[in-house]
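# Analysis of the macromolecular model
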Amino acid sequence: MSEFRLDGFDLAAFVQATLAEDLGPGRDITSEAVIPADARFEGVMDSRDPIVVAGLPIAAAFFRALDPDVEIEMLVEDGQLVKGGTDLLRLRGKARAMLTAERSALNTVQHLSGIATLTRAYVDAIEGTGATLLDTRKTMPGLRVLEKYGTRMGGAANHRMGLWDAAMIKDNHVAVAGGVGQAVRRARDAGIAEIIVEVDRIDQIEPAVAAGATRLLLDNMGPPVLREAVDLVAGRVPTEASGGVRLDTIRAIAETGVNFISVGRITQSAPAADIGLDFASL
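Numbering of residues begins from 1 in every chain and follows the order in which that chain's sequence is written. This being a predicted model, a pLDDT of at least 70 is required before a residue's local features are given, and a value of 80 or more before pairs of side-chain atoms are given or counted; all residues contribute to the totals for chains, interfaces and linings. Only heavy atoms go into the side-chain values, all of them from the structure, while hydrogens and water stay out.

Take the environment of T119 next. Locating T119 in the fold gives a position in helix α4 (residues 95-125). Spatially, the C-alpha atom of T119 lies 8.5 Å from that of L133, the residues being 14 residues apart in sequence. Setting aside its immediate chain neighbours within four residues, T119 contacts L133, T151, G154, G155, A156 and I266. Here a strand is any run of E in DSSP of at least two residues, a helix any run of H or I of at least four, and the numbering for each starts at the N terminus. Here a residue-residue contact requires only that any non-hydrogen atoms of the pair lie within 4.5 Å.

Turning our eyes to something else, we now look at helix α1 (residues 11-23). Under the convention used throughout, the expected extent of a helix is 1.5 Å for every residue step, that is, one less than its residue count. Taking 1.5 Å as the rise per residue, α1 with 13 residues should run 18 Å; its terminal C-alpha atoms sit 18 Å apart, in good agreement. Those residues of α1 not exposed but buried are L11, F14, V15, T18, L19 and L23. What you see down the axis of α1 is that its buried residues fit within an arc of 150°, all on one side. Among the exposed residues of α1, those oriented more than 90 degrees off its buried face are Q16 and E21. Residues adjacent in sequence count toward polar contacts only when both atoms are side-chain atoms; beyond that, a polar contact is any pair of N or O atoms within 3.5 Å, and within protein one must be able to donate a hydrogen and the other to accept it. The N-cap of α1, judged by a side-chain oxygen 3.2 Å from the amide nitrogen of A12 a few residues on, is D10. In the segment just after α1, G24 is the residue with positive phi, at about 55°. Any residue under 20% of the maximum accessible area for its type is buried, any over 50% is exposed, and the rest in between are partly exposed; the area is computed with a 1.4 Å probe on protein chains only. The arc in question is formed by the directions pointing from the helix axis toward the C-beta atoms.

Being paired, for any two strands, means DSSP has found at least two bridges between them. Strands sit in the order β6-β11-β10-β9-β8-β7 across an open sheet of 6 strands; the sheet is parallel. Only two strands of the sheet have a single partner each, and these edge strands are β6 (132-134) and β7 (167-169). Strand-to-strand, the axes of this sheet are offset by a mean angle of 25°, without reference to chain direction. Across 3 bridges, β7 lies against strand β8 (residues 195-199) in parallel orientation. Looking at β8, one finds that I169 is bridged to V197. Axis definition: a line fitted to C-alpha atoms, over the contacting stretch in the case of helices. Angles run 0 to 180 degrees between N-to-C directions.

Right, let's get into the packing of aromatic side chains. Each Phe, Tyr or Trp ring (for Trp, its six-membered ring) is paired with any other whose centre lies within 6.5 Å, and the angle between the two planes then decides the class: stacked below 30 degrees, edge-to-face above 60, tilted in between. Across all of its chains, the model carries 4 aromatic pairs by this definition. Relative to F14, the ring of F9 has its centre 5.4 Å away and its plane inclined at 55°; by these criteria the two rings are tilted. Both rings, one in F41 and one in F279, keep their centres 6.1 Å apart while their planes meet at 55°; by these two values the pair is tilted. Remark: F279 occurs in strand β12 (residues 275-281) and F41 occurs in strand β1 (residues 40-47); sequence separation between them is 238 residues. Members of the aromatic cluster, connected to one another through ring pairs, are F9, F14 and F62. Criterion for a charge above a ring: Arg CZ or Lys NZ at most 6 Å from the ring centre, at most 35 degrees from the ring normal. The ring of F260 is capped by R215, whose NZ or CZ atom sits 4.4 Å from the centre of that ring.

Right, let's get into the pairing of strand β9 (residues 215-219). The buried count for β9 comes to 5 of 5 residues, which makes it a mostly enclosed element. On β9, burial covers both faces: R215, L217 and D219 on one face and L216 and L218 on the other are all buried. Sheet topology places β8 next to β9; 4 bridges connect them, and they run parallel. Pairing of E198 across the sheet is with L217, part of β9. With the strands pointing away from the viewer, any crossover whose connection runs clockwise from the first strand over the helix to the second is right-handed. Between the parallel elements β8 and β9, the chain passes through helix α8 (residues 205-211) in a crossover that is right-handed. Bridging between β9 and strand β10 (residues 239-242) involves 4 bridges; their strand directions are parallel. Directly across from L216, in β10, lies its bridge partner T239. On the question of chirality, the crossover connecting β9 to the parallel β10 by way of helix α9 (residues 223-233) is right-handed.

Working note: a packed helix pair is described by the angle between its axes plus the distance between those axes. Remark: α1 packs on helix α3 (residues 56-66), axes separated minimally by 10 Å, with the N-to-C direction vectors making an angle of 65°. Between α1 and α3, the interaxial angle falls into the category roughly perpendicular. When you trace α1 past α3, the crossing you get is right-handed. Packed against α1, whose contacting residues are L11, F14, V15, T18 and L19, the element α3 presents I58, A61, F62, A65 and L66 at the interface. For the contact of α1 with α3, the class distribution of residues is 9 nonpolar, 1 polar and no charged. Throughout this description, any angle smaller than 35 degrees is read as roughly parallel, any larger than 145 degrees as roughly antiparallel, any in the 65 to 115 degree range as roughly perpendicular, and the remainder as oblique. For a crossing to be left-handed, the near helix must be turned anticlockwise from the far one by less than a right angle; the clockwise case is right-handed. Note that Gly is not counted as nonpolar here; it falls among the polar residues with everything else outside the nonpolar set of Ala, Val, Leu, Ile, Met, Phe, Trp, Tyr, Cys and Pro and the charged set of Asp, Glu, Lys and Arg.

Shown next, in the form of structure tokens:
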């Protein structure tokens, strides 16, 4: 489990907590009852559909946690686009251990590969425009680091990891602060280096930029308004389009000249990839 590292993510703790949730008092009663203690199986994890792979090292960690001597052969790499029917990894080990870890391993790879696959579709849709796809904080509690890893495997860049690494001044902040300019100045006076400001009207752009915004989030603006906003900003700060972006609309948004497009759907609404684990007796 020490080979796979993500900042802010404890793989060993994640595996332990996930298995503990599945095992309850500590037993897989089905495998213990049905499978002889010395039985061994060989298994192949494969994708039934074309996908972008993500999470294979995490899946391997589940099997190793229950059988440290399991033999695992990685057949593809995370971030790789594969065809339907592709074998992803092969493993050989104790049958009880593999059957006990199977669901946790599959759930993780299916979820993260689903995110990576949907992300790649959005990235492909804006290819050549110069815009960069960003993820958002619309993630499942406790899984943000993993889900944002999945978006990276799909070709997106990570937006804020949390509330701590950049200021994001949104409409409610503006309302309480008394205006866009006031909110931005307070963030600047607090010594915050990166100040992203959500604007949903053209007349908010100049006050935000003048007060010290370092990026403008152009919220729920259609392509004609986005073009007007990009022209008004004139490259003084990066621009980001956000709000209700769909796969069928992202290309037109990207062609307005915005630098970034943030999409919550790639984590919030990605369907799980169809991946299975087929066992064959040795």
